[in-house]
Amino acid sequence: MSLQIPDDLITTLAAAERVVVLTGAGISAESGVPTFREAQTGLWAQYDPRELATPQAFARNPRLVWEWYAWRRKLIQQAKPNLAHHALVDLEQALPTFLLVTQNIDGFHWLAGSRDMIELHGNIARTRCYEEGHVVSWWEETDELPPRCPHCGGPLRPDVVWFGEGISEQALRSAFDAAAACDLFISVGTSAMVQPAAGLPLLAKRMGARVLEINPAQTALSVIADWSLQDKASNLLPQLVRRLDFPTNAIDGAEQ
Ligand code: BV8
């Protein structure tokens, strides 16, 4: 039995001029991609992701970190966006001004059809040179891991933002400007712990926006949200789009 969506939320969303959505690992949970907080499986169960997703871990054991991302990349390649991702595509196409900011690196939003979006933490499908920073799309496969940059011979790394690394100024500026100017901020599937992303809903609230949180669990954001709907994103987001009588092309396409 899905959660009942409050009428005042529907009224607010129907009248919203500028909507910002922040997503975290929870929106991909139903695609079969484990969230950061779920215990990792198999060989990786012994590691804490927050320890592995750091420059220190890569410096200490580059092969281990490279193999961890290769394992996650394979998992993601075998999965696909779910109804929650597709519902956000229908929202983007129906609303006057919409920006999706994701913490996720799985690329599922783009795959589902989202275009007005910012990948704050990079994308696991992209690889870059550890030394020179440019994205590398081809390299010679040898037994050595991580592979070597074909230009400078330095080690390659995933093009993601690790803990302790800065996020692109331009991405941050766009995300914070949009959060400050929006009239409705929707937080989906995030524990609202990782900075600076976790500051976005707080800024929106401070600047007068209403805040909707979609998460089966309570988080630090739940107490300040105007609506905290504790249910799965793939239940609630399609319901939201349908209650608004918005076209559901992306949802319908995914359900076929
Ligand atoms: C920076 C890419 C500075 C890599 C990631 C103390 C206080 C404040 C900040 C800090 C601090 N100490 C350190 C910091 C900074 C640090 C930070 O925030 N640490 C945290 C742990 C406190 N932040 C940083 O280091 C950032 N950089 O601050 O730079 C700087 C400036 C200039 C120069 C140098 C440095 C960089 C942070 C980016 C880290 N990289 N990802 C990778 O993925 O391998 S973050 C990583 O964590 C993922 O992106 C993931 O998204 C995120 C975890 O958060 P969530 O997305 O929320 O996922 P989580 O598993 O936590 O929660 C899932 C939620 O989904 C749950 O609530 C669950 O209930 C819900 N859910 C489950 N199923 C569903 C669902 N919801 C809906 N539907 C469902 N079906």
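Above this text is the structure in question.
Fair warning: this is a prediction, and the values are worked out from it, not measured in the lab. (Residues numbered from 1 in each chain as written. Predicted model: local features only at pLDDT ≥ 70, side-chain atom pairs only at ≥ 80, totals over all residues. Heavy atoms only, no water.)

### Looking at the packing of aromatic side chains
In the structure shown here, the tally under the stated rule is five aromatic pairs. With a centroid separation of 6.1 Å and an interplanar angle of 85 degrees, the aromatic rings of Trp-66 and Trp-139 are classed as edge-to-face. With a gap of 73 residues between them, Trp-66 in helix H5 (residues 62-77) and Trp-139 in the loop between strand E5 (135-136) and strand E6 (156-160) connect regions that are remote in the sequence. Grouping residues by exposure puts Trp-66 and Trp-139 together as buried. Among the aromatic residues, ring-to-ring pairing joins Phe-58, Trp-68, Tyr-69, Tyr-130 and Trp-162 into one connected group. In this structure, Arg-73 is placed above the aromatic ring of Trp-66, and the distance from its NZ or CZ to the ring centre is 5.7 Å. The positively charged end of Arg-157 is found above the aromatic ring belonging to Trp-162, 3.7 Å away from the centroid. (Phe/Tyr/Trp six-rings, centres within 6.5 Å; stacked < 30°, edge-to-face > 60°. Helix = DSSP H or I, 4+ residues; strand = E, 2+ residues; numbered from the N terminus. Buried < 20%, exposed > 50% of the residue type's maximum accessible area, 1.4 Å probe, protein only. Lys NZ or Arg CZ within 6 Å of the ring centre and 35° of its normal.)

### Side note on the site of the ligand
Taken together, the neighbourhood of the ligand is formed by 32 residues, with Arg-37, Tyr-69, Arg-72, Gly-164 and Ser-191 sitting nearest. In the environment of the ligand, an oxygen atom lies 3.5 Å from a nitrogen or oxygen atom belonging to the side chain of Thr-35. Interatomic distance of 2.6 Å between a backbone N/O atom of Gly-164 and an oxygen atom of the ligand. Here the ligand, which alone exposes 1,500 Å², has 71% of that area covered by the protein. Residue composition of the shell around the ligand, by class: 14 nonpolar, 13 polar and five charged. No fewer than three residues from each of domain 1 (7-32 + 81-121 + 167-255) and domain 2 (42-78 + 128-160) sit in the shell around the ligand. (Near = heavy atom within 4 Å. Polar contact = N/O pair within 3.5 Å; in protein donor to acceptor, adjacent residues only side chain to side chain. Areas by Shrake-Rupley, 256 points an atom, 1.4 Å probe, with all protein chains shown as cover. Nonpolar A, V, L, I, M, F, W, Y, C, P; charged D, E, K, R; others polar. Domains from an automatic or database assignment.)

### Things to note about the side chain of Glu-92
Examined against the element boundaries, Glu-92 turns out to sit in helix H6 (residues 83-94). No salt bridge is formed by the buried Glu-92, whose closest oppositely charged neighbour, Arg-115, lies at an N-O distance of 7.0 Å. Here the side chain of Glu-92 touches Asp-116 through a polar contact of 3.0 Å, landing on its backbone nitrogen. Beyond its immediate chain neighbours, meaning those up to four positions away, Glu-92 contacts Phe-98, Ser-114, Arg-115 and Asp-116. (Lys, Arg positive; Asp, Glu negative; His and termini not counted. Salt bridge = Lys/Arg side-chain N within 4 Å of Asp/Glu carboxyl O. Contact = heavy atoms within 4.5 Å.)

### Quick word on the sheet that holds strand E9 (residues 227-229)
Read from one edge to the other, the open sheet built from six strands follows the order E3-E2-E1-E7-E8-E9, with strand pairing classed as parallel. Both outer strands of the open sheet, strand E3 (117-119) and E9, are each paired with one neighbouring strand and no more. The mean inter-strand angle of the sheet, taken between neighbouring strand axes irrespective of direction, is 15 degrees. Where strand E1 (residues 18-23) lies against strand E7 (residues 184-188), five bridges are found, and the strand directions are parallel. The residue bridging Val-21 from the neighbouring strand is Ile-186, located in E7. Strands E1, strand E2 (97-102), E3 and E7 of the sheet are contacted by helix H8 (residues 169-181), whose axis makes an angle of about 130 degrees with E2. Each of E7, strand E8 (210-214) and E9 is contacted by helix H10 (residues 233-243), which is oriented at about 135 degrees to E8, the strand it contacts most. (Pairing = 2+ DSSP bridges. Axes fitted to C-alpha atoms, helices over the stretch in contact; angles between N-to-C directions.)

### Section: the packing of H8 against helix H9 (residues 199-206)
Axis separation between H8 and H9 bottoms out at 7 Å; the angle between their running directions is 35 degrees. The handedness of the crossing between H8 and H9 comes out as right-handed. Residue-level contacts link Ala-175, Phe-176, Ala-179 and Ala-180 of H8 to Gly-199, Leu-200, Leu-203 and Ala-204 of H9. Among the residues making up the contact of H8 with H9, the classes are represented as seven nonpolar, one polar and no charged. (Left-handed = near helix turned anticlockwise from the far one by under 90°.)

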